[in-house]
Amino acid sequence: MDGDRVEIDGGIMEGGGQILRVSTALSCLLGLPLRVRRIRAGRSQPGLRPQHLSGLEIIRDLCEGKLEGGEIGSTEITFTPGKIKGGTHIADTKTAGSVCLLMQVAMPCVLFAASPSELHLKGGTNAEMAPQIDYTVMVFKPIVEKFNFTFNCDIKKRGYYPQGGGEVVVQMSPVKELSPINLTERGTVTKIYGRAFVAGALPIKLAKDMSAAAVRCIRKEIRDLYINIQPLREPDDQAFGTGSGIIIVAETSTGCLLAGSSLGKRGKNSDKVGIEAAEILLRNLKHGGTVDDSLQDQLVIFMALAKGVSRVKSGPITLHTQTAIHFAEQLTKAKFTVTKSEEEDPSKDTYIIECQGMGMINPNL
């Protein structure tokens, strides 16, 4: 500790941008000055990439904080937070860096702002190594709102790799505190739906092929459900560049949402894209948890901030989730326990993630 500055090793565990997102968001919320060293130390291009820098800059602007070391390639930053204020904020990666990851870092902070916020997030809406914006709207949003807040997410323009150029506007009002969640009952799958999209120079046939391949793949395992995966072409005025992909969501009788998604890229057969998404969905359905492996880690920061005990049943714990828990515990007074679920069916690899939240109170309300 340098005075009371919290020291974070950005190279441990998952060792990526997630450490930066969790620790700077919590630093901002708790008013803890922070130093992060060895940022993305194990990556092929260590240090800050444009998307990480945009995330740091929006957090700095949200709370009128001080950021040192904020340049591309930097492997060490210090951050001194100020007071979180609402209003309109813009973050632009100027690349295909994910707008969803920008949302991940900013959202917990604006929940505890002094007034409503409007975030204009620019970059890639459907990018590799990050949730697609469709996942954020179709799965993340309805589940995270169980913590007792709501937000509006308006997709102004979609942007794809490599240029980005997408824009999403997120509107949120602050809350006094977050309620805990209890997601432990999977229930039965009641419907499966999704969208297969093409944009730019690609023909609609590719979307139809992705959709058909995904349906065929799911049919082998699940025969009696209607599966509705709509093939569509993004309107030219609402998409920048050329891209394709698919997301498939399974909804259960208890309101759980689990998904599988995949992106097209040059030289990748469209059937393969559809099958990949279907296989991810089926794998998430097999483990018996209430959340899929993309949502697991995204809930950790909210569980840590909530008042009371949250419980989530998941499949195998991902390294991203272990990392989020590690840094949430290091920075807050929240306490997590992960235990193997005592299932009737021992073949299922399920776990209960339990958190005694810190009970963050918004000082501005």
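Keep in mind that what you see is a predicted model, and the values were worked out from it rather than measured.

### Here's the deal with helix 1 (residues 17–30)
So, point 1. Across its 14 residues, helix 1 extends 20 Å between first and last C-alpha, which sits within 8% of the 20 Å expected from 1.5 Å per residue.
So, point 2. Among the 14 residues in helix 1, 13 count as buried, and that is most of the element.

### Remarks on the side chain of Thr252
So, point 1. You can see Thr252 is positioned in strand 13 (residues 243–252).
So, point 2. Those residues within four positions of Thr252 in sequence are excluded, and the remaining contacts are Arg186, Gly187, Thr188, Val189, Thr190 and Leu258.

### Structural notes on the domain arrangement of the chain
So, point 1. Along its sequence, the chain is carved into domain 1 (6–183 + 291–358) and domain 2 (189–286).
So, point 2. If you average the C-alpha positions of domain 1 and of domain 2, the two centres end up 25 Å apart.
So, point 3. At the interface, 24 residues of domain 1 touch 27 residues of domain 2.
So, point 4. Taken together, both faces of the contact between domain 1 and domain 2 bury some 2000 Å²; the carbon and sulfur share is 58%.
So, point 5. Looking only at domain 1, the three residues that lose the most surface to domain 2 are Gln132, Met138 and Tyr160, adding up to 30% of its buried area.
So, point 6. Remark: the boundary between domain 1 and domain 2 carries 3 salt bridges.
So, point 7. Across the pair Glu128 and Lys265 runs a salt bridge, and its minimum N-O distance is 3.6 Å.
So, point 8. Broken down by secondary-structure element, the contributors of at least two residues to the side of domain 1 that touches domain 2 are helix 4 (133–144) and strand 7 (151–159).
So, point 9. For the side of domain 1 that touches domain 2, the leading source of residues is helix 4, giving 6 residues.

### A look at the UniProt feature "domain: RNA 3'-terminal phosphate cyclase insert" (unreviewed entry) in the chain
So, point 1. Annotation from UniProt places "domain: RNA 3'-terminal phosphate cyclase insert" (unreviewed entry) at residues 184–285.
So, point 2. When the span residues 184–285 is considered, its composition is 31% helix and 36% strand, and the gap between its end C-alpha atoms is 14 Å.

### Side note on the packing of helix 3 (residues 99–110) against helix 4
So, point 1. As a packed pair, helix 3 and helix 4 sit with axes 8 Å apart at the nearest point and diverge in direction by 50 degrees. Judged by the angle between their axes, helix 3 and helix 4 are oblique. Facing helix 3, whose interface residues are Val99, Cys100, Met103 and Met107, helix 4 presents Ile133, Thr136 and Phe140.
So, point 2. Counted by class, the contact of helix 3 with helix 4 contains 6 nonpolar, 1 polar and no charged residues.

### A closer look at the sheet that holds strand 14 (residues 257–263)
So, point 1. Judged by pairing direction, the sheet is mixed, and its 4 strands sit side by side in the order 11-10-13-14 without closing on themselves. At either margin of the open sheet sits one strand with a lone partner, and together these are strand 11 (227–233) and strand 14. Averaged over all neighbouring strand pairs, the angle between strand axes comes to 15 degrees, with direction disregarded.
So, point 2. When strand 10 (residues 189–199) meets strand 11, the two strands line up parallel, connected through 7 bridges.

### Here we look at the packing of aromatic side chains
In this description, a pair of aromatic rings is defined by centroid distance and the angle of the planes.
So, point 1. On inspection of all chains with the given rule, the structure shows 6 aromatic pairs.
So, point 2. Summarising the aromatic geometry, the rings of Phe147 and Phe302 are spaced 5.6 Å apart at their centres and angled 35 degrees between planes, so their arrangement reads as tilted. Separated by 155 residues along the polypeptide, Phe147 in the loop between helix 4 and strand 7 and Phe302 in helix 7 (residues 296–305) bring together distant segments of the chain.
So, point 3. Note on Phe302: relative accessible area 2%, which makes it buried.
So, point 4. Ring geometry for Tyr160 and Phe197: centres 6.0 Å apart, planes at 25 degrees, overall stacked.

### Describing the environment of Ala324
So, point 1. Among the secondary structure elements, Ala324 is positioned in helix 8 (residues 319–331).
So, point 2. Look at Ala324 and you get buried, because its relative accessible area is 3%.
So, point 3. Once you skip the residues sitting within four places of it in the chain, Ala324 turns out to touch Gln18, Val22, Asp297 and Val300.

### Brief notes about the packing of helix 2 (residues 50–62) against helix 3
So, point 1. Helix 3 packs onto helix 2 with a crossing angle of 15 degrees between their chain directions and a minimal axis gap of 9 Å. One element, helix 2, and the other, helix 3, form an angle in the roughly parallel class. Of the two elements, helix 2 crosses helix 3, and the hand of that crossing is right-handed. Contacts from Gln51, Ser54, Gly55, Ile58, Ile59 and Leu62 of helix 2 reach helix 3 at Leu101, Leu102, Val105, Ala106, Cys109 and Val110.
So, point 2. Residue composition of the contact of helix 2 with helix 3, grouped by class: 9 nonpolar, 3 polar and no charged.

### Section: helix 3
So, point 1. Here helix 3 spans 16 Å end to end across 12 residues, near enough to the 16 Å set by a 1.5 Å rise per residue.
So, point 2. Within helix 3, 11 of the 12 residues are buried, leaving the element largely enclosed by the surrounding structure.
So, point 3. Along helix 3, the residues that are buried comprise Val99, Cys100, Leu101, Leu102, Met103, Val105, Ala106, Met107, Pro108, Cys109 and Val110.
So, point 4. Taking the backbone nitrogen of Cys100 as reference, a side-chain oxygen 3.0 Å away marks Ser98 as the first, capping residue of helix 3.

### Quick word on the sheet that holds strand 1 (residues 6–9)
So, point 1. Ordered by their spatial adjacency, 4 strands build an open sheet running 1-2-4-3, and the pairing between neighbours is mixed. Here the strands that pair on one side only, and so sit at the sheet edges, are strand 1 and strand 3 (66–68). Recorded for the sheet is a direction-independent mean angle of 15 degrees between the axes of neighbouring strands.
So, point 2. In this sheet, strand 2 (residues 34–37) lies alongside strand 1 in parallel orientation, the contact comprising 4 bridges. Its bridge partner being in strand 2, Glu7 is matched across the sheet by Arg35.

### A short note on the state of the cysteines
So, point 1. All told, the structure shown has 0 disulfides when counted by the stated rule.
So, point 2. In this model Cys28 remains outside any disulfide bridge; the closest cysteine sulfur is found in Cys109, 3.7 Å from its own.

Reading the values: rules and limits
- Residues numbered from 1 in each chain as written.
- Predicted model: local features only at pLDDT ≥ 70, side-chain atom pairs only at ≥ 80, totals over all residues.
- Heavy atoms only, no water.
- Helix = DSSP H or I, 4+ residues; strand = E, 2+ residues; numbered from the N terminus.
- Expected span 1.5 Å × (residues − 1).
- Buried < 20%, exposed > 50% of the residue type's maximum accessible area, 1.4 Å probe, protein only.
- Contact = heavy atoms within 4.5 Å.
- Domains from an automatic or database assignment.
- Buried area = accessible area lost by both parts, 1.4 Å probe.
- Salt bridge = Lys/Arg side-chain N within 4 Å of Asp/Glu carboxyl O.
- UniProt positions renumbered as here; feature names shortened; annotations may be inferred.
- Axes fitted to C-alpha atoms, helices over the stretch in contact; angles between N-to-C directions.
- Parallel < 35°, antiparallel > 145°, perpendicular 65-115°, else oblique.
- Nonpolar A, V, L, I, M, F, W, Y, C, P; charged D, E, K, R; others polar.
- Pairing = 2+ DSSP bridges.
- Phe/Tyr/Trp six-rings, centres within 6.5 Å; stacked < 30°, edge-to-face > 60°.
- Left-handed = near helix turned anticlockwise from the far one by under 90°.
- Polar contact = N/O pair within 3.5 Å; in protein donor to acceptor, adjacent residues only side chain to side chain.
- Disulfide = S-S within 2.5 Å.

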